[in-house]
Amino acid sequence: SGVTALLDFVPEESERAMIDEYIANGGQMDLLGKAEKYVISVSEVPMLKQRLMAMNVKCTFGDDLTHLEEDIELVIAATAEVQGSTRFPKLLKLVLQLGNALNEGSAKGGAQGFKISNLMKLAQTKTNHGTTLLAYLVSSMEKLNPDMLQLEHEFPSTKESARKSGTQMTTD
């Protein structure tokens, strides 16, 4: 917007200070160039940068709010899809069983649950055959329960909602 463009041309305090120093040392105003005269003129507007920022918020608020509402609706839809999934709890149960089988006999064996953030380890942990645990899990599902591979169809909104940053949405 035009206000955003104006914000780019608000002079810094240091620019005004250099011009003031020039004038204080006997420099003549009529010898200043257009840019320096612009700095002097614009610097006389009290709180110009803050005023332009407020105007910018006012000008963009409606569009920003609409985009934020769309993002929130998308995340809500994705959350409902995850909560309503019939396959996702089964997948999590399989992952827990796999983890417990791998950790049998250790302090981590027999776990009642796991952190969702640990799911990333499935793609990083290698089996004795050189594949990942994720590949092993998918291969097992193909053989034992191919219906589980349709899980992604239960989540049409999650791919798009995953691109949304909760931090960015909070900031917006």
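Above this text you will find the structure in question.
Residues numbered from 1 in each chain as written. Predicted model: local features only at pLDDT ≥ 70, side-chain atom pairs only at ≥ 80, totals over all residues. Heavy atoms only, no water.

Novice: Please set out helix α4 (residues 48-84) residue by residue, giving values where relevant.
Specialist: Spanning 37 residues, α4 covers 52 Å between terminal C-alpha atoms, matching the ideal 54 Å at 1.5 Å per step. A maximum bend of about 55° is found in α4 at T60. Residues of α4 that are buried include every one of L48, L52, N56, L68, D71, L74, A78 and E81, and no others. Looking at the packing, one finds that the buried side of α4 touches α1 (2-8), α3 (34-43), α8 (158-161) and α9 (166-171). (Helix = DSSP H or I, 4+ residues; strand = E, 2+ residues; numbered from the N terminus. Expected span 1.5 Å × (residues − 1). Bend = angle between axes of the 7 residues up to and from the residue. Buried < 20%, exposed > 50% of the residue type's maximum accessible area, 1.4 Å probe, protein only. Contact = heavy atoms within 4.5 Å.)

Novice: Help me get a handle on the pattern of salt bridges, residues and values and all.
Specialist: Counted by the stated rule, this structure contains three salt bridges. Salt-bridge contacts for D147 lead to R87; the nearest nitrogen and oxygen are separated by 2.9 Å. Note that D147 is positioned in the loop between α7 (133-144) and α8 and R87 in helix α5 (residues 87-102), a separation of 60 residues in sequence. For D147, a relative accessible area of 41% translates into the label partly exposed. Residue classification places R87 among the buried positions, given a relative accessible area of 16%. With a shortest N-O distance of 2.8 Å, E154 and R87 are connected by a salt bridge. Of this pair, E154 sits in the loop between α7 and α8 while R87 is found in helix α5, placing the two residues 67 residues apart along the sequence. (Salt bridge = Lys/Arg side-chain N within 4 Å of Asp/Glu carboxyl O.)

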